[in-house]
Amino acid sequence: MMDPTKKELLLEVNDLCMHYSVQGGFFDKSKGLVKAVDGVSFKLYKGSAFGLVGESGCGKTTTGRLIMKVMKPTSGSITFYDNKLGPIELVPISNKKMRPLRKKIQMVFQDPYSSLDPRMTIQQIVGEPLRAGGRGELHEYKNKIADILQKSGLSPDYMDRYPHAFSGGQRQRIGIARALVTQPQLVIADEPVSALDVSVQAQILNLLKELQQVFDLTYLFIAHDLSVIRYMCDTLAVMYVGRIVEIGRSEDIFHHPAHPYTEGLLSIIPRTNTRTKPGKMLKGAIADASNLPSGCYFHPRCPHAQDICKNEYPPLRDLGNEHQTACHFDLKLKGI
Ligand code: SF4
């Protein structure tokens, strides 16, 4: 875990938006605007692990992909504080200028089966980011690849094998080795254990924790499962239909959730489920981003909703201790 007295910024996301129109109907007319990410802001400090959590469709994966520059945001800024070059604004820079930065910002993907090219050997897969700058031959990097495979819990003897020879857990270790071979400053891990057997999930999470210490990594952890975020992250943001509805230190949010949606997510963690009162359970499905409810987007599912909730979207409010929430009745709910 990061030393809170030595906070040094690594990434700052400010008012990030990703909006797109959806087509449909006989004349393929625009049916409306989907706000996949809508005004998201957060900061990542060096050596920390920050979690983005929410149900499928909440915008957390899109946020990660915007940071990776897989897609261009509608508006907002993403500032990366490079340890040599200083602050770099990622949104306007070209793909060419982004290329050297890709070694510093890497990603671990959700599905270890589809994310590894079956026609490539492990050496080629793990060595790929080293060659992303267009220079150097694979054999020059053999020692680096062997070293990172070993640190990821795989024998370097496996280098000439193909992905099909490995289990899901081993494949995810290969994906992790590929992400870390360039010694990045930031790793975005998008649901890195959700496709794995429960029996190997803990092993992969422990490996990621261990490697964070070894390489002094900063993680942006994306997951739908709050228990994974609790285990991995010192701070977290809860997203609902494109917006952050609660943000703060993990322990604070786990002990005193201020937003009913967070409370609902906590209710579906098996260990805490027994302590959750029936009224606090998460009901219904996430709102349709192309047809949003009025007021607070969560009001059709919220057991605490009142009239104001149907008319006014609550802004993020400060609760102190770096804890913020977007709920009209957050203070009443806190600690219940
Ligand atoms: Fe529930 Fe109202 Fe808070 Fe929205 S603003 S989460 S509907 S209590």
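The preceding data block contains the structure.
Let us look at the structure shown here. Keep in mind it's a predicted model, so treat the numbers as computed, not measured. (Residues numbered from 1 in each chain as written. Predicted model: local features only at pLDDT ≥ 70, side-chain atom pairs only at ≥ 80, totals over all residues. Heavy atoms only, no water.)

Details of the site of the ligand
Then comes step 1: Near the ligand there are 13 residues, and of these Cys 296, Cys 302, Cys 309, Cys 327 and His 328 occur at the shortest range.
Then comes step 2: In this structure, the ligand is accommodated by the largest cavity.
Then comes step 3: Looking at the shell around the ligand residue by residue, the class counts come to nine nonpolar, four polar and no charged. (Near = heavy atom within 4 Å. 1 Å grid on protein atoms, 1.4 Å probe; cavity = no way out; pocket = protein on both sides within 12 Å on 5 of 7 lines; lining within 4 Å. Sits in = over half its atoms within 2 Å of the grid points. Nonpolar A, V, L, I, M, F, W, Y, C, P; charged D, E, K, R; others polar.)

Thoughts on the nonpolar core
Proteins that are soluble and globular tend to have nonpolar side chains buried together.
Then comes step 1: In terms of nonpolar packing, the biggest core is built from 62 residues, with Val 126, Tyr 219 and Phe 221 touching the most fellow members.
Then comes step 2: Residue contributions to this core peak at six residues, all from helix α6 (residues 198–215).
Then comes step 3: Not counting chain neighbours up to four residues away, the residues in contact with Tyr 219 comprise Leu 44, Ser 48, Ala 49, Phe 50, Leu 186, Val 187, Leu 208, Leu 211, Gln 212 and Met 232.
Then comes step 4: By size, the runner-up hydrophobic cluster in this structure holds 33 residues, among which are Val 40, Leu 90, Met 239 and Ile 247. (Core = buried A, V, L, I, M, F, W, Y, C linked by side-chain atoms within 4.5 Å. Buried < 20%, exposed > 50% of the residue type's maximum accessible area, 1.4 Å probe, protein only. Helix = DSSP H or I, 4+ residues; strand = E, 2+ residues; numbered from the N terminus. Contact = heavy atoms within 4.5 Å.)

Focus on the side chain of Lys 69
Then comes step 1: Position of Lys 69 relative to the elements: it lies in the loop between α1 (60–67) and β4 (75–82).
Then comes step 2: Glu 89 provides the closest opposite charge to the buried, unpaired Lys 69, separated from it by 7.8 Å.
Then comes step 3: Reaching out from Lys 69, the side chain makes a polar contact with the backbone oxygen of Val 91 at a distance of 3.0 Å.
Then comes step 4: With sequence-adjacent residues up to four places away left out, Lys 69 is seen in contact with Leu 90, Val 91, Ile 93, Met 98 and Arg 102. (Lys, Arg positive; Asp, Glu negative; His and termini not counted. Salt bridge = Lys/Arg side-chain N within 4 Å of Asp/Glu carboxyl O. Polar contact = N/O pair within 3.5 Å; in protein donor to acceptor, adjacent residues only side chain to side chain.)

Notes on the environment of Ala 146
Then comes step 1: With respect to the helices, strands and loops of the structure, Ala 146 is situated in helix α4 (residues 142–151).
Then comes step 2: Exposure remark for Ala 146: the relative accessible area of 18% places this residue in the buried category.
Then comes step 3: With 23 residues separating them along the chain, Ala 146 and Gln 123 place their C-alpha atoms 8.4 Å apart.
Then comes step 4: For Ala 146, the residues in contact, after removing those within four places along its chain, are Pro 156 and Met 159.

Focus: the side chain of Gln 185
Then comes step 1: Tracing the backbone shows Gln 185 in the loop between α5 (168–180) and β7 (186–190).
Then comes step 2: Looking at Gln 185, the relative accessible area reads 13%, which means it is buried.
Then comes step 3: Here the side chain of Gln 185 touches Asp 82 through a polar contact of 3.1 Å, side chain to side chain.
Then comes step 4: If we ignore the near neighbours within four places in the chain, the residues touching Gln 185 are Leu 10, Phe 80, Tyr 81, Asp 82, Asn 83, Lys 104, Leu 217 and Thr 218.

It is worth stressing that arrangement in space is one thing and function is another; only the former is reported here.
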